[in-house]
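# Examining the three-dimensional arrangement
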Amino acid sequence: MRSVCHCCDWIQHHFGHLSAEYLSQLEQMGGDITKQNAPVLFPTSLYRHIYDAEFEDKVRFLNETIYQIIKLFDGNRNRKSVTWDKKNLDDFLNILKRQFENLSSCVSPAVKPEKRLKQYFRNLNRKVLRKMNYSAEAWELIRKETKRHLQRLDILVGQMY
């Protein structure tokens, strides 16, 4: 595990750059973001709670959220229904994985991740992807929710400094 100072430095100087890159790839991989709402409520209370947390807890939350997003996209190979640009999707996932690896080195593996966050992403998988039969519409809802999360993570990092 890296020292807190090194993590502070890395997050402060590199997180935003990678974030801008993966948000750009997310935008470019498909058409307009859907206006439809997902049947799973966005976990606003989790974000409110984490804004008041300690630095290490915030880093753990960043790390776990990115991990759950990667798992949602990478763990579901059933994306045949979407016509997203494959290169943009691959680039999006590779940049997210890079962000995750850097954040992982700042987080103690002994501390368990936030259960409500895991449950939220499990519900997205179940109530959006599975229930909507992995349709293009379902994947577009996932892309919309992913964008919301990544933007909120940017706000969280901005609030950390």
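Everything below is about the structure shown above.
The following refers to the structure shown. Throughout, a residue's number is its position along its own chain's written sequence, starting from 1. Confidence filtering applies because this is a predicted model: local features only for residues at pLDDT of at least 70, side-chain atom pairs given and counted only at 80 or more, and all residues used for totals across whole chains, interfaces and linings. The side-chain quantities take in all heavy atoms of the structure and omit both hydrogens and water.

### Remarks on the environment of F15
Per the convention used, a helix needs a DSSP run of H or I reaching at least four residues, while a strand needs a run of E reaching at least two, with both numbered from the N terminus. Turning to its location among the elements, F15 is positioned in helix α1 (residues 4-28). Each C-alpha atom, one on F15 and one on E64, is 15 Å from the other, the two residues being 49 residues apart in sequence. Once residues lying within four places of it in the same chain are set aside, the contact partners of F15 are W10, Y22, L62, I66, Q99, L103, L153, D154 and V157. Note on contacts: a residue pair is in contact if any heavy atoms of the two residues lie within 4.5 Å.

### Quick word on the side chain of R79
Along the chain, R79 turns up in the loop between α3 (55-74) and α4 (86-104). Here R79 sits buried without a salt bridge, and the closest side chain of opposite charge, D74, lies 5.0 Å off (N-O distance). Distance and chemistry together define a polar contact, namely a pair of N or O atoms within 3.5 Å, with one atom able to donate a hydrogen and the other to accept it when in protein, and with adjacent residues in sequence counting only for side-chain atoms on both sides. Separated by 2.2 Å, the side chain of R79 and the backbone oxygen of F73 make a polar contact. Once you skip the residues sitting within four places of it in the chain, R79 turns out to touch F73, D74, W84, L89 and W139. Exposure is judged per residue with a 1.4 Å probe applied to protein chains only, and the accessible area is read against the type maximum: over 50% gives exposed, under 20% gives buried, and values in between give partly exposed. His residues and chain termini do not enter the charge count, which takes Lys and Arg as positive and Asp and Glu as negative. Whenever Lys or Arg places a side-chain nitrogen within 4 Å of a carboxyl oxygen from Asp or Glu, that contact is recorded as a salt bridge.

### What to know about the environment of E56
The topology assignment puts E56 in helix α3. Judged by its relative accessible area of 37%, E56 is partly exposed. Distance in space between the C-alpha atoms of E56 and C8 is 9.9 Å, their sequence separation being 48 residues.

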